[in-house]
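# Per-entry structural report
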Amino acid sequence: MDREYLVNQLMNIAKQNGVEIDAEILGMIVNATVFRVVSKGSILQNVGEETKTAALVLNGICRAYYVDEDGNDITRGFSIPGTFCMEEGLFSYSESIVTWETLEDATLMFFEIREMKKLIYDDNQLKNTYIMLLENALRYKIYRENGFLVENATQRYVHFRKQYPMICESVKQQYVATYLGIAPESLSRIKKDLKKE
């Protein structure tokens, strides 16, 4: 891929998140990464694998899931363009706690976590971006926990659909259902009820 194109794409992602990063710094990031188009249905990382590498999603959708002791496939979350996947290592996990897969053909920017953290700690713009990402991750976690504590299934679905319309339209409904903590049949019923209103 063309380096200038990649720098511009990263600059657009940064701006969408309210962050300004110099093109020179973004160029350093591009030089420290590998860009790959990964086919739909590919496993990026399995539970228990070392978390030396993470990726930024440039296009496509990835899913993090685990399988419980009864063999149920449960979605922990989704990664859409402009967000990270396989990010456990950025939060100091030494092993992946979920399996990561692509739900569509996806263009991913892979990087070595240790090398990226060095770049982050050496530059204030990147450090501020990293703090923002950590805050967003914590905010998301609080939002999700709050949904399970005080919202019913319909409210959780409505909020999810509002926040992530592209996911609702393009991924298997069983993935959305398990993410929301409900059975696929319940999600179908909720969607039918909402259409009647």
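Reading the values: rules and limits
Residues numbered from 1 in each chain as written. Predicted model: local features only at pLDDT ≥ 70, side-chain atom pairs only at ≥ 80, totals over all residues. Heavy atoms only, no water. Helix = DSSP H or I, 4+ residues; strand = E, 2+ residues; numbered from the N terminus. Salt bridge = Lys/Arg side-chain N within 4 Å of Asp/Glu carboxyl O. Buried < 20%, exposed > 50% of the residue type's maximum accessible area, 1.4 Å probe, protein only. 1 Å grid on protein atoms, 1.4 Å probe; cavity = no way out; pocket = protein on both sides within 12 Å on 5 of 7 lines; lining within 4 Å. Points joined across faces, edges and corners; volume = space filled by probe spheres on them. Nonpolar A, V, L, I, M, F, W, Y, C, P; charged D, E, K, R; others polar. Core = buried A, V, L, I, M, F, W, Y, C linked by side-chain atoms within 4.5 Å. Contact = heavy atoms within 4.5 Å. Disulfide = S-S within 2.5 Å. Axes fitted to C-alpha atoms, helices over the stretch in contact; angles between N-to-C directions. Parallel < 35°, antiparallel > 145°, perpendicular 65-115°, else oblique.

## Considerations on unusual backbone geometry
Leaving glycine aside, a negative phi is the common case for residues, and trans is the common case for peptide bonds. Positive phi outside glycine occurs at M86, with the angle close to 55 degrees. In this model, S92 sits at a positive phi of 70 degrees, which is unusual for a non-glycine residue. By the element assignment, S92 lies in the loop between β6 (84-85) and β7 (99-102).

## Let's talk about the pattern of salt bridges
Inspection of every chain in the model, using the stated rule, returns six salt bridges. For E50, the salt bridge is made with K52, and the minimal N-O distance between the two is 3.8 Å. By relative accessible area, K52 is classed as partly exposed at 49%. A salt bridge links D73 to R63, with the shortest nitrogen-to-oxygen separation between them at 2.8 Å. Here D73, found in strand β5 (residues 73-79), pairs with R63, found in strand β4 (residues 62-67); they are ten residues apart in sequence, far enough to count as distant. Classification of D73 as partly exposed rests on a relative accessible area of 30%. Residue classification places R63 among the buried positions, given a relative accessible area of 1%. Salt bridges sharing common partners tie together R63, D73 and E101.

## Focus: the environment of E4
Turning to its location among the elements, E4 is positioned in helix α1 (residues 3-16). A C-alpha to C-alpha distance of 15 Å links E4 and A14, two positions ten residues apart in sequence.

## As for the layout of surface pockets
Counted as a void, the largest pocket has a volume near 1200 Å³. In this structure, the largest pocket is lined by 37 residues; those nearest its centre are E87, N136, A137, Y140 and K141. Of all the secondary-structure elements, those providing two or more residues to the lining of the largest pocket are α1, β5, α4 (124-150) and α5 (153-163). Considering only residue class, the lining of the largest pocket consists of 22 nonpolar, eight polar and seven charged.

## As for the nonpolar core
As a rule of thumb, soluble globular proteins bury nonpolar side chains together. L10, I21, I29, L58, M109, F111 and L126 are the most contacted members of the largest nonpolar core, which totals 26 residues. Among the elements of the structure, α1, α2 (23-31), β3 (53-59), β8 (106-112), α3 (113-122) and α4 are those that each provide at least two residues to this core. A per-element tally of this core places α1 first, with five residues. The contact partners of F111, leaving out residues within four places of it in the chain, are A32, T33, K52, T53, A54, A55, L56, F84, L90 and M116. With 19 residues, the next largest nonpolar core counts I80, A177, I182 and I190 among its residues.

## Remarks on the state of the cysteines
By definition, a disulfide links the sulfur atoms of two cysteines through a covalent bond. In this structure the tally under the stated criterion is zero disulfides. Cysteine C62 is unpaired, with the sulfur of C85 as its nearest cysteine sulfur at 4.3 Å.

## Here we look at α2
The complete set of buried residues in α2 reads I25, L26, G27, I29 and V30. Residues of α2 that are buried in the fold lie against α1, β1 (33-38), β8, α3 and α4.

## Some thoughts on the packing of α3 against α4
Relative to each other, α3 and α4 sit at 110 degrees, their axes nearing to 5 Å. Considered as vectors, α3 and α4 are oriented roughly perpendicular to each other. When α3 is examined against α4, the residues K117, L119, I120, Y121 and D122 are found in contact with a partner set consisting of N124, L126, K127 and Y130. Classifying every residue of the contact of α3 with α4 gives five nonpolar, one polar and three charged.

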